[in-house]
Amino acid sequence: MRKAIELSVEKVFKVSIEEARKELPIGWAILANLENISYIKRHFDFNSYLDGVNFVTEVAKVAEGMNHHPDITIRFRKVDIEIFTHSHKGLTNLDVSFAIQIENLYISFNKSNF
């Protein structure tokens, strides 16, 4: 498991695509939306719909604690999470740290549920 760093709002800064790529766990893609704003996305698979919902609940708790709220799509046994920092209109160190925390949650979730 990778270690996420503790961040305060004052320490949030933009990161380049190359910097993000070096730090992101495997499975996270770097994309751009229609306004050419970079964001990161990861697809997660689960054994059941409720497993996906329970995972999202844990992600939401982390998001609230960070005051950093991803776009989440829940489908049958599948969850997609997209992250970027709206106030910086792109990727920041906060996004990368959040992705690492989500990845660690997924690893822990899989160990306890699969």
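Placed above this text is the structure.
Residues numbered from 1 in each chain as written. Predicted model: local features only at pLDDT ≥ 70, side-chain atom pairs only at ≥ 80, totals over all residues. Heavy atoms only, no water.

Draft legend 1. Layout of the sheet that holds strand β3 (residues 71-75). Pairing within the open sheet is antiparallel, and its four strands lie in the order β1-β2-β4-β3. Of all strands in the sheet, those with a lone pairing partner are β1 (29-32) and β3, marking the two edges. For this sheet, the mean inter-axis angle between neighbouring strands, taken without regard to orientation, is 25 degrees. Pairing analysis gives four bridges linking β1 to strand β2 (residues 38-45), with the strands arranged antiparallel. Paired with A29 across the bridge in β2 is K41. On top of the sheet, helix α2 (residues 49-66) reaches β2, β3 and β4 (78-83); it is set at about 165 degrees to β3, its chief contact. (Pairing = 2+ DSSP bridges. Helix = DSSP H or I, 4+ residues; strand = E, 2+ residues; numbered from the N terminus. Axes fitted to C-alpha atoms, helices over the stretch in contact; angles between N-to-C directions. Contact = heavy atoms within 4.5 Å.)

Draft legend 2. Fine view of the side chain of E103. Mapped onto the elements, E103 comes out in helix α3 (residues 93-113). Residue classification places E103 among the buried positions, given a relative accessible area of 9%. Not counting chain neighbours up to four residues away, the residues in contact with E103 comprise P25, I26, W28, R42 and F44. (Buried < 20%, exposed > 50% of the residue type's maximum accessible area, 1.4 Å probe, protein only.)

Draft legend 3. Structural detail: the side chain of D95. For D95, the location among the structural elements is in helix α3. We note that D95 is buried and unpaired, the nearest opposite charge coming from K14 at a distance of 9.1 Å. Separated by 2.6 Å, the side chains of D95 and H68 make a polar contact. Look past the residues within four positions of D95 in its chain and what remains in contact with it is I40, H68, I83, F84, T85 and G90. (Lys, Arg positive; Asp, Glu negative; His and termini not counted. Salt bridge = Lys/Arg side-chain N within 4 Å of Asp/Glu carboxyl O. Polar contact = N/O pair within 3.5 Å; in protein donor to acceptor, adjacent residues only side chain to side chain.)

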